[in-house]
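These are the residues of each chain, in order.
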Amino acid sequence: MLSASDITIVKSTIPLIEAAGSQVTDRFYQRLFEHYPELRAMFDHQRQQNGQQSIALFEAIVGYAKHIDELDKLQSIIANINKRHVTAHVQAEHYQMVGEQLLATMRELFAEQFSLDVERAWRNAYLQLAELFIGNEQCLYQRAKSG
């Protein structure tokens, strides 16, 4: 469970992230594929090339930040992402790689505004979301296996 402070801090960064737009996700994907080129195969190449993947991730990040304290509003979006992740064979260990590069991207792009408190809040927020996704996806994998 996130602290009230984490929620407040993450929500306070929404204007900063919105102002940067898809620059956040464009740079994130560059970093991710530089550090973990093996993950490139997990992504739809056409959606990467035409920018749809970057836009979808940007909208997901902003949506999560806006509704971080009311995740029930994101259930259908989360379910759709979980299905895509299972189709792409995303595993629990991939979330650490993604989180590492997302935080590094934010540190890089928002250096002056990305204090230790902001980084801690976003790390905690990301971990909460990753745990939710991992749990949901494990259930989907189990259903497919038994099914």
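Along every chain, residues carry numbers that run from 1 in the direction the sequence is written. Where totals are concerned, whole chains, interfaces and linings use all residues; where local detail is concerned, this predicted model gives features only for residues with pLDDT of at least 70, and gives and counts side-chain atom pairs only at 80 or more. Here the side-chain values reflect all heavy atoms present in the structure, with hydrogen atoms and water set aside.

Take the packing of aromatic side chains next. In this analysis, rings of Phe, Tyr and Trp, with Trp reduced to its six-membered ring, are considered paired at centre separations within 6.5 Å, and the interplanar angle assigns stacked below 30 degrees, edge-to-face beyond 60, and tilted for intermediate values. In this structure the tally under the stated criterion is five aromatic pairs. A centroid spacing of 5.5 Å and a plane angle of 80 degrees characterise the contact between Y29 and F43, whose relative ring orientation is edge-to-face. Remark: F43 occurs in the loop between α3 (23-35) and α4 (45-49) and Y29 occurs in helix α3; sequence separation between them is 14 residues. Looking at Y29, the relative accessible area reads 6%, which means it is buried. Both rings, one in Y95 and one in F133, keep their centres 6.2 Å apart while their planes meet at 85 degrees; by these two values the pair is edge-to-face. Secondary structure elements follow DSSP: runs of H or I of four or more residues count as helices, runs of E of two or more count as strands, with numbering from the N terminus. The cut-offs for exposure are 20% and 50% of the maximum accessible area for each residue type, with area from a 1.4 Å probe on protein chains only; residues under the lower value are buried, those over the upper are exposed, and the others partly exposed.

Moving on to the packing of helix α1 (residues 4-12) against helix α8 (residues 116-146). Interhelical geometry of α1 versus α8 gives an angle of 105 degrees and a closest axis separation of 9 Å. Here α8 runs roughly perpendicular to α1, going by the angle between their axes. Of the residues in α8, those touching α1 at S5, D6, I9 and V10 are D117, V118, R120, A121, W122, N124 and A125. The residue inventory of the contact of α1 with α8, partitioned by class, reads six nonpolar, two polar and three charged. Whenever a helix is involved, its axis is fitted only over the stretch in contact; in every case the axis is a line through C-alpha atoms, and angles between N-to-C directions fall within 0 to 180 degrees. We call two directions roughly parallel when the angle between them is under 35 degrees, roughly antiparallel when it is over 145, roughly perpendicular when it lies between 65 and 115, and oblique otherwise. By the convention used here, residues are in contact when the closest approach between their heavy atoms is within 4.5 Å. The nonpolar class holds Ala, Val, Leu, Ile, Met, Phe, Trp, Tyr, Cys and Pro. Asp, Glu, Lys and Arg form the charged class, and all remaining residues, Gly among them, are polar.

Our next topic: the confidence of the model for the chain. The predictor rates its confidence in each residue with pLDDT, a number between 0 and 100. In this model, the chain carries a mean pLDDT of 94, and residues with pLDDT of at least 70 account for 100%. For the chain, per-element mean pLDDT is lowest for α4, which scores 87, and highest for α1, which scores 98.

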